[in-house]
Structures are given as structure tokens and as C-alpha cells.
Amino acid sequence: MSIKTRLAANILNSGGVISLPTDTVQGLSCLPFDHALIRLIELKQRSANKGLILLTSDIKYVETYVKDVELLKQIKPTNTPTTYIIKASKNTSSLLLGGHDTVAIRLTNNQLIKDLCTMTRSALVSTSANISGQKTAKSVLKLRVYFKDQLDYIIAPVETDVNPSAIVNLHTGEKLR
């Protein structure tokens, strides 16, 4: 693993907020600790009533956040990024849920995310790299314009032509996007 990836993992483990390219867009990420979630929400100037996504390389990293662990077995890696909505466990932080009783989970094949999940032994909280209501940052310069020096680490954006992920209710199979 690269030095950049190891450094990012160390920053995440210490409660930091980073920006990194995900399987869809440039994102802001932290580990699912309340102090990091509060900071992430404040950086985005986002309502705490909106939920956040857990990106994971392995279902084992999200088991504690869901009510029905058996249902997670239905999630399989795909070439099309797909976020699944599933009932949250009662111990899941309300900051992650945003006032809902469900949690959003995306299993990804993105190598950087896989490496960070392995190194932190955790799913990553993710949201687009922007101030709420603004366009997602596609350059380090735009990240600096939005967040000044408030991000703990930036892994530079990569050019992607990827659409936002599909969203599926795992309980009903209904496609929400």
C-alpha cells in the first residue's frame, strides 16, 4: 500500500476528515465516530437530518450498524455502484442516520476504499466533497476554496464519468434512484 494510503488510514483512525476519490465522486470521509461525524457535517454545512453513506469493502464492517445481519448477505459487489438502504440497529448513531431508521450502505470494489477499510478495520462514512447545495469538487483547488485548510488530508480527485449510485431498498427491492 502506498504511503498516501497509510497516512490517510492513520488520519481516519485518529478521528480525522479526509477527501478522497470514491467509486462515484470525490468524497469527504471519516470513520463512524460521533466526533468525526459532527466535524464532517459542520464542514459540509449540512443538516444533521440528512443521512450519510457507509462505504465498505466487506460486509463484516457494517454488521453492527444494521438490524438484520442476514439481509446483508443479499448485497453483492457489482460494476454499477449501488447503495442499499436497510433498517439500522438501535445502536447506530443518529448522526449517521440523519433522523431516519435506516442506514445507507455501499459495497465497493474501489481499491483505495478497500485498502482504507482493511487498514482501519472499519467502513468509511462518505458524502460528496462539497458545501451543501454546491457542486462536488473535482480539483484540489476547489476543495481548498470550499474547505480552506480544514480537511486533515486530501487524496487528489481523479477524472470520472461515473453517475451517482443507484439506491435500492434492501427490504423491498424497490429502486429509489
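Residues numbered from 1 in each chain as written. Predicted model: local features only at pLDDT ≥ 70, side-chain atom pairs only at ≥ 80, totals over all residues. Heavy atoms only, no water.

K.L.:
Looking at this structure, how should I read the overall build of the protein?
P.N.:
Per the secondary structure count, the protein includes 5 helices and 8 strands. Written out in order from the N terminus, the α and β elements of the protein read α-β-β-α-β-β-α-β-α-β-α-β-β. Taken over C-alpha atoms, the radius of gyration comes to 15 Å for the protein, in line with the 16 Å a tight globule of 177 residues would show. When the backbone C-alpha atoms are referred to their principal axes, the protein occupies close to 40 × 35 × 30 Å. Within the protein, contacts between residues separated by at least 24 positions form 64% of all contacts whose residues are at least 6 apart in sequence. For the protein, the exposed area adds up to about 9,100 Å²; of that, 50% sits on carbon and sulfur atoms. Side chains of the protein carry 22 positive and 14 negative charges; the gap between the two charge centres is 3 Å. (Helix = DSSP H or I, 4+ residues; strand = E, 2+ residues; numbered from the N terminus. Rg over C-alpha atoms; globule rule 2.2 N^0.38 Å. Contact = heavy atoms within 4.5 Å. Areas by Shrake-Rupley, 256 points an atom, 1.4 Å probe, with all protein chains shown as cover. Lys, Arg positive; Asp, Glu negative; His and termini not counted. Charge placed at Lys NZ, Arg CZ, Asp CG, Glu CD.)

K.L.:
What should I look at first to understand the side chain of S165 in this one?
P.N.:
Its location among the elements puts S165 in the loop between β7 (153-154) and β8 (166-169). At a separation of 2.7 Å, a polar atom in the side chain of S165 contacts the side chain of T83. Within polar-contact distance, the side chain of S165 engages the side chain of R106 at 3.3 Å. Those residues in contact with S165 that sit more than four places away from it in its chain are T24, P81, T82, T83, R106 and R177. (Polar contact = N/O pair within 3.5 Å; in protein donor to acceptor, adjacent residues only side chain to side chain.)

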